[in-house]
Amino acid sequence: MTYLIDLNCPQCEQKYSPSIQQTYCTDCQSPILARYNLASARGELDRHEIGSRPSGMWRWFELLPVWDKDQVSSLGEGDTPLIQLKRVAQNKSFDQIWVKDESLNPTASFKARGLSAAVSKANELGINKLVIPTAGNAGSALAAYAARARLKSAAVMPIDTPSVIIEECRLFGAETILVDGLISDCARIVGEMITSGDWYSVSTFREPYRLEGKKTMGYELAEEFNWQLPDNIIYPTGGGTGLVGMWKAFKELNELGWLEDQNLPRMISVQSKGCAPVVEAFNSGADKCEFWEAAETIAWGIRVPLSLADKLILVTLRESGGTAIAVSDNEIIAAQAELASQEGLFSSPEGAATLAAFYQLRASGFITPDESTVLFMTASGVKYI
Ligand SMILES: *Cc1c(COP(=O)(O)O)cnc(C)c1O
Ligand SMILES: [Zn+2]
């Protein structure tokens, strides 16, 4: 049984029913967030029992938004390895740096978690035509989970999306639409498909449940660090689902009374210098982001000129005492080569950006040698070939 109560607008507190199709807050346009009866869960759920269940993110079923287990579309997502860096750490005399290797998810990226949750909930609500504007990884994840649930899917993506991903979407049976433009242009076309057809968009934060899938990364980290959590989490930030999701997860765990240490991690966003709206807003003290014109970076997953959750991202960074940092494509390439040759990890550019950010933050003194840091390797480099 899930402890899901409703969906709640963090900005104006408006409540929305999870029994029918929802998008975002129709009053104030903010994303809406799933709320659970954690007071009841606290007395009834046992974190050790959850730890003994078969692996995967649906171990956390009671804290996820689906009522009926039979509606879940799963391909074994979640419970990815947490790998301590050995040679990168030794070379620079840092010894507490880990990589959460999300490339081992189905369709080789962490987008699997969010889309498993979103497709499962859509399936439960009887929604059967799902469309997504995507830089790539979310499209193939949607296509896979929709295929599994026997729902229709469409992926709208930039024409320069890696061919591996385009082929993947086609093979999974998604309607695959290529756009000469950025993800923001894709979003416009999806808008037309929603109004002219009967498509439902599972675009980042336009759909409330992808966040719930992504938050399980936070649950897993808590468990892996014996409920004490690392000092720093560096996350390549596009739409910000994982960043906001993990922060939500840590607060939920706190309410459940499951954390041994109330010091939550500093949440750190890394973006590319060619598309850094969050970094700019963070540094200028703004509470929202400006649209980033002419975004350009090899890290497609974070080539997002403006997130719908910009305010939530900035609140997360500030509340957690974190920061936002931009790295160049050259730094990303160097970090990618280092992770591969020194550690045997073939990271996507977005994942490698976290190591580049780590070096900058270590050099500036923001991160000190005694601290523990987790880098999010959000996808496999294989998909970008
Ligand atoms: C989508 C994506 C990101 C950004 O994730 P958000 O949760 O939208 O910020 C980072 N890395 C990769 C590989 C991605 O596909
Ligand atoms: Zn609202």
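Scope of this entry: the structure provided in the associated data block. Nothing here was measured: the structure is a model prediction, and the numbers come from that model. Each chain has its residues counted from 1, running along the sequence as written. All chains are assigned letters beginning with A, and all ligands numbers beginning with 1, in the order in which they are written. Per-residue local features are limited, in this predicted model, to residues with pLDDT of at least 70; the limit for side-chain atom pairs, both in listing and counting, is 80 or more; totals at the level of whole chains, interfaces and linings are taken over all residues. The basis for the side-chain values is all heavy atoms of the structure; hydrogens and waters are excluded.

### Quick word on the pattern of salt bridges
So, point 1. When a carboxyl oxygen of Asp or Glu is within 4 Å of a side-chain nitrogen of Lys or Arg, the pair counts as a salt bridge. Tallying each qualifying case throughout the model produces 23 salt bridges.
So, point 2. Salt-bridge contacts for R303 lead to D160; the nearest nitrogen and oxygen are separated by 3.4 Å. You can see R303 sitting in the loop between α10 (277-284) and α11 (310-319) and its partner D160 sitting in the loop between β7 (152-158) and α6 (163-171), a full 143 residues away along the chain.
So, point 3. Only protein chains enter the accessibility calculation, which uses a 1.4 Å probe; a residue whose area is less than 20% of its type maximum is buried, one above 50% is exposed, and one in between is partly exposed. Among the residues examined, D160 registers a relative accessible area of 39% and is labelled partly exposed.
So, point 4. Close ionic contact of K215 with E252 constitutes a salt bridge, the shortest N to O distance being 3.1 Å. You can see K215 sitting in helix α8 (residues 210-224) and its partner E252 sitting in helix α9 (residues 241-256), a full 37 residues away along the chain. Residue K215 shares its accessibility class with E252, and that shared class is buried.
So, point 5. One connected set of salt bridges, linked through shared partners, spans K100, E102, R113, E220 and E224. Put simply, DSSP H or I for four residues or longer makes a helix, DSSP E for two residues or longer makes a strand, and each gets a number counted from the N terminus.

### Remarks on the site of ligand 1
So, point 1. Nearness is judged by heavy atoms alone; a residue qualifies as near a molecule or strand once a single heavy atom is within 4 Å of it. Lining the immediate environment of ligand 1, one finds 18 residues, of which K111, Y235, G238, G240 and T378 sit closest.
So, point 2. Contacts to ligand 1 include K111, whose side-chain N or O atom sits 2.8 Å from an oxygen atom.
So, point 3. We call two N or O atoms a polar contact when they sit within 3.5 Å, provided that within protein one can donate a hydrogen and the other can accept it, with sequence-adjacent residues counted only if both atoms are side-chain atoms. Within the side chain of N137, an N or O atom sits 2.9 Å from an oxygen atom of ligand 1.
So, point 4. In this analysis, the protein atoms alone were mapped onto a 1 Å grid. Cavities are point sets where a 1.4 Å probe fits without being able to get out; pockets are open sets with protein on both sides within 12 Å along at least five of seven lines; lining residues have an atom within 4 Å of a point. Pocket occupancy is defined atom-wise: a molecule lies in a cavity or pocket when more than half of its atoms are within 2 Å of its grid points. The pocket occupied by ligand 1, as judged from atoms lying within 2 Å of grid points, is the largest pocket.
So, point 5. Counting only elements with at least two residues in the shell around ligand 1, the list comes to β10 (232-236) and α9.

### Here's the deal with the coordination of the zinc ion (ligand 2)
So, point 1. The donor definition counts N, O and S atoms within 2.8 Å of each metal and applies 3.2 Å to Na, K and Ca; water is not among these atoms, so some sites may look incomplete. Surrounding the zinc ion (ligand 2) are the protein donor atoms C9 (SG), C12 (SG), C25 (SG) and C28 (SG), at 2.3 Å.
So, point 2. Considering all four donor atoms around the zinc ion (ligand 2), the spread of angles at the metal, 99 to 120°, places the coordination shape in the tetrahedral class.
So, point 3. Here the donor residues of the zinc ion (ligand 2) share one chain and are spaced in sequence as C-x2-C-x12-C-x2-C. In this pair, C9 is assigned in the loop between β1 (4-8) and β2 (15-16) and C25 in the loop between β2 and β3 (33-36), connecting sequence segments 16 residues apart. For the pair C9 and C25, one class covers both residues: buried. Geometry assignment treats four donors as tetrahedral when all angles are between 85 and 135 degrees, treats four as square planar and six as octahedral when opposite donors are over 155 degrees apart and all others between 65 and 115, and treats everything else as irregular.

### Re empty space enclosed by the protein
A probe matching the size of a water molecule, rolled over the atoms, marks out where space remains unfilled.
So, point 1. Grid points are joined across faces, edges and corners, and a volume is the space filled by probe spheres set on the points. With the rule as written, the count across this model stands at two cavities of 30 Å³ or more.
So, point 2. Size it by volume and the largest cavity reaches roughly 40 Å³.
So, point 3. Lining the largest cavity are Q21, Q22, A118, K121, A122, L125, I127, Y200, E207 and Y209.
So, point 4. Charged means Asp, Glu, Lys or Arg here, nonpolar means Ala, Val, Leu, Ile, Met, Phe, Trp, Tyr, Cys or Pro, and polar covers whatever is left, Gly included. Residue composition of the lining of the largest cavity, grouped by class: six nonpolar, two polar and two charged.

### Observations regarding the sheet that holds β3
Consider a sheet: its strands pair through backbone hydrogen bonds, and that pairing is either parallel or antiparallel.
So, point 1. Here a strand pair is declared whenever DSSP counts at least two bridges between the two strands. Judged by pairing direction, the sheet is antiparallel, and its three strands sit side by side in the order β2-β1-β3 without closing on themselves. Since the sheet does not close on itself, it has two edges, and those belong to β2 and β3, each with one partner.
So, point 2. Both β1 and β2 contribute to a ladder of two bridges, which runs antiparallel. Bridge pairing in β2 links N8 to K15.

So far we have only geometry, and geometry alone does not tell us how the molecule works.
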